[in-house]
Amino acid sequence: DPSRRRVLIAGATHVAAVTIPSLRSRSHRIGDRSAGRTAELVGGRGLAVAGRRGLRVLDLRTWRTRWRDRAATGVLASGAVVVAIGGGVRGRDARDGTLRWRARGSGDARFSAVAAGRVYLAGPRALRILDVTTGRDVAALPPTLTAIRLLDDVTGA
């Protein structure tokens, strides 16, 4: 969380907020053991946490839930867009959870990632690439790749 000079460490049931450089920490309970599996910093002031009990976005000032997506089991984030994975793939507004877009036929993605303004969904039939702000298809590639590693910001060598 660069705006507050702290590091957030998300576990299955708690998030620890460690202030830099003092290393003081505070722990915040986020739910039971099934609550947290993946977490992403969203919109600068929120933390999206997803797991078997759905996705919720927490306000980092109050630690209260801003909004939920009960169908999601995974989360990706890019700027002001939260990508909810599970029960399909949806792009939601980070502030209030408003649905921006829904990607049809993406429920079978085995791998998903966000980089450089794109959502990458690898399924058994194709690697789909979507625009993160609109959800529109940018490309579909055959599923010949066995491993994918996305680098969002590559500079110099």
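Residues numbered from 1 in each chain as written. Predicted model: local features only at pLDDT ≥ 70, side-chain atom pairs only at ≥ 80, totals over all residues. Heavy atoms only, no water.

Please explain the sheet that holds strand E14 (residues 127-131) as it appears in this structure.
Sheet strands pair via backbone hydrogen bonds, and the direction of the pair is either parallel or antiparallel. Strand order in the open sheet formed by four strands is E12-E13-E14-E15, with antiparallel pairing between adjacent strands. Bordering the open sheet on either side are strand E12 (111-115) and strand E15 (137-141), each of which pairs with just one other strand. Adjacent strand axes in the sheet meet at a mean angle of 15 degrees when their direction is disregarded. With four bridges joining them, E14 and E15 adopt antiparallel strand pairing. Within E15, the position partnered with Leu-130 by the bridge is Asp-137. (Pairing = 2+ DSSP bridges. Helix = DSSP H or I, 4+ residues; strand = E, 2+ residues; numbered from the N terminus. Axes fitted to C-alpha atoms, helices over the stretch in contact; angles between N-to-C directions.)

Would you explain the side chain of Asp-131 in this entry?
Position of Asp-131 among the secondary structure elements: in strand E14. Within the structure, the side chain of Asp-131 is placed 2.6 Å from the side chain of Thr-133, a separation counted as a polar contact. A polar side-chain atom of Asp-131 sits 3.0 Å from the main-chain amide nitrogen of Thr-134. When neighbours within four sequence positions are excluded, Asp-131 is seen to be in contact with Trp-101, Gly-117, Arg-118, Arg-136 and Val-138. (Polar contact = N/O pair within 3.5 Å; in protein donor to acceptor, adjacent residues only side chain to side chain. Contact = heavy atoms within 4.5 Å.)

How should I be thinking about the pattern of salt bridges in this particular structure?
Pairs may arise between side chains of opposite charge once their charged atoms sit close together. Counted by the stated rule, this structure contains eight salt bridges. With a shortest N-O distance of 3.3 Å, Arg-61 and Asp-59 are connected by a salt bridge. The exposure class assigned to Asp-59 is buried, which follows from its relative accessible area of 10%. Asp-69 is the partner of Arg-92 in a salt bridge, and the nearest nitrogen-oxygen pair spans 2.8 Å. Here Arg-92 is found in strand E10 (residues 89-93), whereas its partner Asp-69 is found in strand E7 (residues 65-69), with 23 residues between them in sequence. One exposure class covers both Arg-92 and Asp-69, and it is buried. What you see here is one network of salt bridges that share partners, running through Asp-59, Arg-61 and Arg-66. (Salt bridge = Lys/Arg side-chain N within 4 Å of Asp/Glu carboxyl O. Buried < 20%, exposed > 50% of the residue type's maximum accessible area, 1.4 Å probe, protein only.)

Would you mind showing me how to read the confidence of the model for the chain here?
With 83% of its residues at a pLDDT of 70 or more, the chain shows a mean pLDDT of 83. Least confident of the elements in the chain is strand E1 (residues 6-10), whose mean pLDDT is 82; most confident is strand E11 (residues 99-103), at 95. (pLDDT = per-residue confidence, 0-100.)

What's the story with the sheet that holds strand E4 (residues 38-42) in this structure? I'm lost.
Spatial ordering of the open sheet is given by E4-E5-E6-E7, a layout of four strands whose pairing is antiparallel. Two strands lie at the open edges of the sheet, namely E4 and E7, each paired on one side alone. Taking the axes of each pair of neighbouring strands and ignoring which way they run, one obtains an average angle of 20 degrees across the sheet. Bridge analysis of strand E5 (residues 46-51) against strand E6 (residues 54-59) gives six bridges, and the strand direction is antiparallel. When the sheet's bridge partners are listed, Gly-46 is paired in E6 with Asp-59.

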